[in-house]
Amino acid sequence: MIDLRQKALQLDQQDVLAPFRKRFCIPKTKEGKEAIYFCGNSLGLMSTGIRTAVDQELMDWEHHGVLGHHEAQYPWYKYHEFLTKPMAAVVGALPEEVVVMNTLTVNVHLMMVSFYRPDAKRHKILIEYSAFPSDRYAVESQIRFHGFDPATSLVVLEPEPGTHYISKERIQQVFDEHGEELALALIGSVNYYTGQAYPIRYMTELAHSHGSKIGFDLAHGAGNLALALHDDGPDFAVWCGYKYLNGGPGTLAGCFVHQRHHDHTQLPRFAGWWGHNKQTRFAMGPRFECMPGAEGWQLSNPPILPMACLRESLSIFEAAGMDNIRAKNLALGDFLLEGIKSLGRTDMETITPVAADERGAQWSLRMLQGNKGMFEKLTQRGVIADWREPDVIRIAPVALYNQFAELAEFLELLKQL
Ligand SMILES: *Cc1c(COP(=O)(O)O)cnc(C)c1O
């Protein structure tokens, strides 16, 4: 364990992202020391610039009232545009393919309104096993909304028997089996429970070759993986802003609509005035004139305070660079994996795939006896992680503020407890 500590210090010294840690507020334990925060996959930490960013908007409101729409330092009437470019860089998309709006589950629904168009022959939706509950509820309710029954229209991509792993062969099998009846695949990559990153391009090509649409829920992917949404080609993607993106509790979400759909302003959609041509929006005419690109799916004039948080946090992603973030996430994972192996514990297994292209920052450690005690002890010692029923401790050491030394300390605790 001593040399793990030394190795950690060395890696921290070489880490090009190390200076970013001091831009984040690290929660303290009851004893007043810095907690080991491994929950960036659930709620990212606050960066110190956020208070100033929010304060700016409060001051602009204080001083300008409604005139702030034009006179604020960052004019509110086009506030979402300040977020588009850095958000597009995070997910590897063209700026016109990305918009920040609403919250995640709302965007899941809006995208299904446009891209889930079932008919008697093609009515099925494919989701992955242990999909996030909100996604499953949304999908089932859409199936019912169109007059179909989840019992016959919902297909679940199951892992290899006896494992949590979904192989490419499994994926292909499912598409071959249901392909002619699939209207949509909605896949969460990275899976929130296992940490497996599914192959976006591979699944997209399979879906399209079977005549199905495909979208990804990147709640656990955005700000974590090196994504290339434009090149990989899914029809749409959605993600939240408060996990790896550190945009603050319940902040606004992202939405991607591939360029190939941008000319189809006739696509069925639920419309609102913020999706109307911005040149004539304030003419307040009765006829909806859809904006081209992802912006055409906007509904409302957005809440500026959470957008200010997100604008500030995206500026950190711009400065750090997604490639650096991804490289460090992988290095943190390698370090953790090696450490866990060296412990040789028989009461615990890692269900996250070890192959670099099949994982992000999150590790799901399964307690084989379903023993929550270990998790509780870690919590007492100042590790902030989370527990997912029935038996998984999730930890996500993240590039922007976690250190290799924290992993070494975590491994030391695992050894002692
Ligand atoms: C976190 C998460 C959600 C949460 O949805 P909200 O609408 O933001 O509450 C939904 N889906 C997935 C896959 C998630 O990881």
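Now for a description of the structure that goes with this document. Please read these numbers as outputs of a predicted model, since none were measured by experiment. (Residues numbered from 1 in each chain as written. Predicted model: local features only at pLDDT ≥ 70, side-chain atom pairs only at ≥ 80, totals over all residues. Heavy atoms only, no water.)

Structural notes on the sheet that holds strand β4 (residues 154-157)
Right, on to step 1. Taken in spatial order, the 7 strands make up an open sheet running β2-β8-β7-β6-β5-β3-β4, and their pairing is mixed. Both outer strands of the open sheet, β2 (98-101) and β4, are each paired with one neighbouring strand and no more. Shown here is a sheet whose adjacent strand axes are inclined to one another by a mean of 20 degrees, direction ignored.
Right, on to step 2. Pairing geometry for strand β7 (residues 236-239) and strand β8 (residues 253-257), over 4 bridges, is antiparallel. Across the sheet, Trp-239 pairs through a bridge with Gly-254, a residue of β8. (Pairing = 2+ DSSP bridges. Helix = DSSP H or I, 4+ residues; strand = E, 2+ residues; numbered from the N terminus. Axes fitted to C-alpha atoms, helices over the stretch in contact; angles between N-to-C directions.)

A look at unusual backbone geometry
Right, on to step 1. With an omega of 5 degrees, the peptide bond running from Ser-189 to Val-190 counts as cis.
Right, on to step 2. Assignment of secondary structure puts Val-190 in the loop between β5 (182-188) and α9 (200-209).
Right, on to step 3. Of note, the bond from Glu-389 into Pro-390 is cis; its omega dihedral lies within 30 degrees of zero at 5 degrees.
Right, on to step 4. Tracing the chain through its elements places Pro-390 in the loop between β12 (386-388) and β13 (392-395).
Right, on to step 5. Here the phi dihedral of Ser-130 falls at roughly 45 degrees; this positive angle occurs in a residue that is not glycine.
Right, on to step 6. The backbone phi angle of Met-284 is positive, close to 60 degrees, even though this residue is not glycine.
Right, on to step 7. Its place among the elements puts Met-284 in the loop between β8 and α11 (304-320).

Considerations on the sheet that holds β13
Right, on to step 1. If you walk across this open sheet you meet the 4 strands as β9-β10-β13-β12, and the pairing is antiparallel. Of all strands in the sheet, those bounded by a partner on one side alone are β9 (348-350) and β12. Between one strand axis and the next, the sheet turns by 30 degrees as a mean value, whatever way the strands run.
Right, on to step 2. The strands touched by helix α12 (residues 322-343) are β9, β10 (363-367) and β13; relative to β10, the strand with the most contacts, the crossing angle is about 20 degrees.
Right, on to step 3. Packing against the sheet, helix α13 (residues 373-380) makes contact with β10, β12 and β13, and its axis sits at approximately 35 degrees to β13. (Contact = heavy atoms within 4.5 Å.)

As for the side chain of Asp-12
Right, on to step 1. Mapped onto the secondary structure, Asp-12 falls in helix α1 (residues 2-14).
Right, on to step 2. Residues within four places of Asp-12 in sequence aside, it is in contact with Ala-18, Gln-403, Phe-404 and Ala-405.

Here's the deal with the packing of helix α8 (residues 168-178) against α9
Right, on to step 1. Remark: α8 packs on α9, axes separated minimally by 10 Å, with the N-to-C direction vectors making an angle of 15 degrees. Here α8 is positioned roughly parallel relative to α9, judged by the angle of their axes. In this structure, α8 meets α9 at a crossing whose hand is right-handed. Here Lys-168, Ile-171, Gln-172 and Phe-175 of α8 lie close against α9, whose contacting residues are Tyr-202, Met-203, Leu-206 and Ala-207.
Right, on to step 2. Tallied by class, the residues present in the contact of α8 with α9 amount to 6 nonpolar, 1 polar and 1 charged. (Parallel < 35°, antiparallel > 145°, perpendicular 65-115°, else oblique. Left-handed = near helix turned anticlockwise from the far one by under 90°. Nonpolar A, V, L, I, M, F, W, Y, C, P; charged D, E, K, R; others polar.)

Focus: the pairing of β13
Right, on to step 1. Along β13, one buried face is formed by Val-392 and Arg-394 and the opposite face, lined by Ile-393 and Ile-395, is buried too.
Right, on to step 2. Across 4 bridges, the pairing between β10 and β13 is antiparallel. Bridge pairing links Arg-366 to Val-392 in β13.
Right, on to step 3. Note that β12 and β13 share 3 bridges and pair antiparallel. Paired with Trp-387 across the two strands is Ile-393, which belongs to β13.
Right, on to step 4. Where β12 folds back onto β13 in an antiparallel hairpin, the turn is made up of 3 residues. (Buried < 20%, exposed > 50% of the residue type's maximum accessible area, 1.4 Å probe, protein only.)

What about α8?
Right, on to step 1. Of the positions making up α8, those classed as buried are Arg-170, Ile-171, Val-174, Phe-175 and His-178. One side of α8 holds all its buried residues, which, seen down the axis, span an arc of 130 degrees. Facing away from the buried side of α8 by over 90 degrees, the exposed positions are Glu-169 and Glu-177.
Right, on to step 2. Residues of α8 that are buried in the fold lie against β3 (124-128), β4, β5 and α9. (Arc of directions from axis to C-beta.)

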